[in-house]
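# Survey of secondary and tertiary structure
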Amino acid sequence: MLIDSLVALSPEIMLSIYSMVVVMVGVFSKTKSMDVSLLWLSCLMFCFISLIIALTEPSDIYAFNGAFKLDGFSQFFKIVILLSSGLILAMSKDYLSRYNLLNFEYSALICLSVVGMMIMVSASNLMAVYLGLELQSLSLYVIAAFRRDSLKSTEAGLKYFVLGALSSGLFLYGASLVYGFTGTTGFEEISGVILDEGLSTGVLFGLIFILGGMAFKVSAVPFHMWTPDVYEGSPTPVTTFFAIVPKLAAIAMLARLLFVPFGNAISEWQQILVFLSISSMLIGSIAAIGQSNIKRLMAYSSISHIGFALIGLTVGSSEGLSAVIIYMFIYVIANFGVFAFILNMQRDGVSVTDISSLSLYSRVNSIRAFCLSLIILSLAGLPPLVGFFGKVFIFKAAINSGFVPLVIVGGLSSVIGAFYYLRMVYLIYFGEVSDRLGGSMPFINQVVLTTSAIAVTLGSINLFGIQGFVSVISTTFLG
Amino acid sequence: MVITVLFLPLLGAIIAGFFHPIFGEKMVKFFASSCVFVGAILSWTIFLVTDFSTVEKIHLFNWISSGHLNVAWAIRLDALTSIMLVVVCSVSFLVHLYSFGYMKADHNWKQSEKYEARFFSYLSFFTFAMLALITSDNFLQMFFGWEGVGVASYLLIGFYYKKPSANAAAIKAFVVNRIGDFGFILGIFCVFISTGSLYFDDLFVQAESLADETIQFVGFKLNTIELIAVLLFIGAMGKSAQLFLHTWLPDAMEGPTPVSALIHAATMVTAGVFLVCRMSPVMEFAPSASAAVTVIGASTALFAASVGLVQNDIKRIIAYSTCSQLGYMFAAAGVGFYQAAMFHLFTHAFFKALLFLGAGSVIHGMHHEQDIRAFGGLRKKLPVTFVLMLVGTLAITGVGIPLSYDLFHYSIGFSGFLSKDAIIEGAYAANSSSGLFAFWALIIAALFTSFYSWRLIFLTFYGEFRGKNDDFLNAHEPETTMLLPLLILAIGSIFSGMIFYNSFVGSEANDFFHDAIFNHQNNYILKDFHYVPAWVKILPFFAMLLGFFLAFNFYVMNTKAASKLAAQHFGLYQFLYNKWFFDELFQLLIVKPVLKIADIFWRWGDERFIDGFINRLSLVVIPKLTSFYARLQSGFLFHYAFGMIIGTTLIITWFSFP
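Residues numbered from 1 in each chain as written. Chains lettered and ligands numbered in written order. Predicted model: local features only at pLDDT ≥ 70, side-chain atom pairs only at ≥ 80, totals over all residues. Heavy atoms only, no water.

## Side note on the overall build of chain B
When its secondary structure is counted, chain B shows 29 helices and four strands. Taken over the C-alpha trace, chain B has a radius of gyration of 29 Å; the compact-globule value for 658 residues is 26 Å, and the two agree within 12%. Principal-axis analysis of the C-alpha atoms gives chain B an extent of 110 × 65 × 55 Å. Intrachain contacts of chain B at a sequence separation of at least 6 include 79% that bridge at least 24 residues. Here chain B has roughly 26,800 Å² of accessible surface; of this, 68% comes from carbon and sulfur atoms. Of the charged side chains in chain B, 38 are positive and 40 negative; the average position of the first set lies 12 Å away from that of the second. (Helix = DSSP H or I, 4+ residues; strand = E, 2+ residues; numbered from the N terminus. Rg over C-alpha atoms; globule rule 2.2 N^0.38 Å. Contact = heavy atoms within 4.5 Å. Areas by Shrake-Rupley, 256 points an atom, 1.4 Å probe, with all protein chains shown as cover. Lys, Arg positive; Asp, Glu negative; His and termini not counted. Charge placed at Lys NZ, Arg CZ, Asp CG, Glu CD.)

Spelled out as structure tokens, the structure:
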């Protein structure tokens, strides 16, 4: 039994051991070159582990007495999380070494948070969820403040930590309420109790608090206020990581939480999600207009995108779930492109993050400017780029389940949101003459930027071919 | 084969339109013209070789499939299609050829400007759209072609887009056509509602039963088949410039002359006639609609001919003549004599294109002077053009040997004589009140036709030259590429009637058309028109002669008499000269009120309401919200924590009130 569980969780275990090895090697070697090698090694490790996961036949396996469930859904998310983390490590190397931040701790912390996220994705018990959540969060608190000499970075780390602690508190309170009223922490068991006894007020309140904690993780309004400050203050590679990977893990975990233990309380959590998604979409779009810092802007952009993804979850059907997965996938691809660019926004070796510094970038490097514009337009959801189809799938799922008002708000907020996306494109091509950005860009970032641009353009032909696969995952996930 | 005919011009249009910077103007002109040339050769082959005992349908691809609406792109090849193929491709090719010379060194453009490739591209595109229209198997594809030719016509009328008058004429043509198209599209809707399909065949099969059904239309209960027929005819009226929707055609002469010959004489304007003939299974069951077609057609023939009597612009005279001849065709179709309508369409294409291109030669030779009052005595300067235009005039006025069919059992005469007389005799043979009205109207129109045609010839080619002397000295025959099309058309104008008389309206008509044209079992017009009284057969001939002598008297013998007569009947002259004041009437009754309403919608509806709302929302409300939000995002940790707590509290409160 134990052996089976260990085998099933071997990727997580391997990664945990690996991260400890990183710490040990890093502590004892003390050379800069070792830090660099550890970073590349971690990239390789991520790829290797994702390969292992990818090669495992997808089957519904429970490990550690039902604390973890390994299915196609968790497999898919784990692979995306691992590969994204690896890519982000590779992309951030140049930035980190420029600011003298390339320490082994960075790799180790990323590895640990990835372990946490892998646990989150497959957790099937409130305790396991909390374990993963905290492992992930604690690592993230530290890397948010990774640039210790920067006031902003420290502030970001501290804010994130305090508010994160509050959200953990909310989550724990909710979890204990649920445990108190159902007598169990296992997902399947909770679901059984709700089916048998109905949704008691205690469990309902527990659900609300749990969702509050989770909304913090996906940065849904009104649990989002940390996002812009942390995105702005953290070193850009960390922001990149924040914008992409924890979002994926949190959405996956949220989906499992909603559909498995509270699958029999759909009508209740739908009301909460409607509130969260509407306010996220609107505030994300409206607030983004006022931003002058591109990292803050991307923070609001992510808030608004999460609002759209939440529509898909609200729908509560397998169509909605697969729309969410596709939407997040597209979101990740576009964000990679944008952050590959932001990581390299610099003037005379100093990083800049003003939106206005994009002015006339098209004259610095027309190809990159075009790629970036395509990606931004895809984020705005302009047809025929793939971002448009992401929204279409979400809206279609919502309409098919009768959530028309949600779609109307979504449409409105994407119109509002289009303003600030278009303004960026406007600046790139028609901005005022000012000090332009520097022209150099590391090879890997160039590759990511171009690939992302090609993907958002060509992806609309067949959505990277994942559509059928995703719908299989989500149907089996919902049983 | 027919697929090649259909798509070659499109290829030509694309190459000429988009690739002329690569291949050069000369090359693309040549390419586009040879595409149409191949099309013309193939369509003559189809016309002469194929026997159309069965309707050939070629499925190309599925176009729209949505619910009950299934439309494919398909070609319907029967006698009607084939006649139109021949007309469109041949005239189009000749016009392409003619344009080589005519469009060279156009004075409307500067030396450095390139415009020829654009012109040829439009011409080829027009040809494609027209072919799509005539080969269509269903209403939607036909509508595609219908609108396509509309666009091409718009582009070509406004070809000299630097001239305000050309732009105005282009817009006028488009807008007036929209009214017709609105009727057409309503007709298509009606067809879809009542048959559930857009295919011709489905409608034709159900036509008889639909004659007994009614349909609710703007509050009235109307006979379905009559309504469909009338609505489709309104579409035809717009395209074919019939009375009330005719005003765009004379103005369309702002376009280059080859365009007038191709689009506004031989092909596009006959699309309406083609539509009515194509719909013969519908029209046959809609007697009231048919009567309306007859009356409108005959009235147009008379009206346009009367206006043509006094016009001075050489192209406008021919334009009114076209309008009038189209009226003949509709009158024939209205009395159930679709064969004669198609016959006249066929012959008219030759002689009208000939007249237009001849007029183009005159205009070309006279340095773009178009006023016939400034011409005179040109037969010495332009002998070839003169002879060829004379042939055209003999054809349109209807010169031939009356009663030749009865005497020799073979009709002898210029093409216009045979087809026009068939129509007039058919109108009489129809033996209905509308037919009789049409008969007399058409006889008078024939008189007028003869008069204005000869007037044009006499004023242009006879007498003393009345323009600037330099013009006369410099007047010259055009080059061979321009004369060759004229020659071919002249041959067609002389012989096409005699060669094809039997196929179209004679003894072989039924074997020629087969199912393409449907005649109700009580419709014997195809036989009856041979047996009308002799005076009916001779009357048009005398009308023609009378017109000739009047014109001869006024413009050759007694040149002062015309202006004296005009002065005596000043009111009548002004009435005719101002085209029965149709334009002024429309301006007063329709254009001005519509402009007023549009102005209200624009200022209040659009500027104040829609723009005002959107602008206020995006310039005032959203920025306010943004700055309000910026204050919330204060940067203080306790505010953020407060936000989270408030959020949770809100949700809990929501659930606390069931």
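## Things to note about the pattern of salt bridges
Residue and element names in this part refer to chain A. In the structure shown here, the tally under the stated rule is 26 salt bridges over all chains. Residue glutamate 155 is joined to lysine 159 by a salt bridge in which the shortest nitrogen-to-oxygen separation is 2.7 Å. Of this pair, glutamate 155 and lysine 159 both sit in helix 7 (residues 151-182), four residues apart, roughly one helical turn. Overall, lysine 159 belongs to the buried group, its relative accessible area being 5%. Shared partners join several salt bridges into a network, and the residues in it are Lys152, Glu155, Lys159, Asp229, Glu232 and Arg296. (Salt bridge = Lys/Arg side-chain N within 4 Å of Asp/Glu carboxyl O. Buried < 20%, exposed > 50% of the residue type's maximum accessible area, 1.4 Å probe, protein only.)

## Describing the environment of B:Leu436
By the element assignment, B:Leu436 lies in helix 20 (residues 433-461). With 110 residues separating them along the chain, B:Leu436 and B:Leu546 place their C-alpha atoms 21 Å apart.

## Comments concerning the side chain of B:Thr322
Residues and elements named next belong to chain B. Relative to the helices and strands, threonine 322 resides in helix 15 (residues 314-334). Of note is the side chain of threonine 322, whose polar atom sits 3.4 Å from the side chain of lysine 352. Setting aside its immediate chain neighbours within four residues, threonine 322 contacts Leu249, His264, Ala265, Val269, His348, Lys352 and Phe356. (Polar contact = N/O pair within 3.5 Å; in protein donor to acceptor, adjacent residues only side chain to side chain.)

## Side note on the packing of helix 16 (residues 338-365) of chain B against helix 22 (residues 480-504) of chain B
Residue and element names in this part refer to chain B. Orientation of helix 16 relative to helix 22, taken along the N-to-C sense of each, is 165 degrees, at an axis distance of 9 Å. As the angle between them shows, helix 16 and helix 22 are arranged roughly antiparallel. Crossing handedness for the pair helix 16 and helix 22: left-handed. Broken down by class, the residue content of the contact of helix 16 with helix 22 amounts to 16 nonpolar, nine polar and no charged. (Axes fitted to C-alpha atoms, helices over the stretch in contact; angles between N-to-C directions. Parallel < 35°, antiparallel > 145°, perpendicular 65-115°, else oblique. Left-handed = near helix turned anticlockwise from the far one by under 90°. Nonpolar A, V, L, I, M, F, W, Y, C, P; charged D, E, K, R; others polar.)

## Thoughts on helix 8 (residues 200-210) of chain B
Within an α-helix, residues lying three or four positions from one another point in the same direction, as the helix has 3.6 residues per turn. All names here are of chain B. Within helix 8, the full set of buried residues consists of Phe200, Leu203, Phe204, Ala207 and Leu210. Taken around the axis of helix 8, the buried residues stretch over an arc of 125 degrees, which confines them to a single face. Exposed and oriented more than 90 degrees from the buried face of helix 8 are Val205 and Glu208. (Arc of directions from axis to C-beta.)

## Considering the pairing of strand 4 (residues 220-223) of chain B
Residues and elements named next belong to chain B. When strand 3 (residues 214-217) meets strand 4, the two strands line up antiparallel, connected through four bridges. For phenylalanine 217, the partnering residue across the bridge sits in strand 4 and is phenylalanine 220. Taking the residues that link successive antiparallel strands as the turn, the strand 3-strand 4 hairpin has two residues, and the phi of valine 218 there is positive, at about 35 degrees. (Pairing = 2+ DSSP bridges.)

Nothing here speaks to function; it is geometry throughout.
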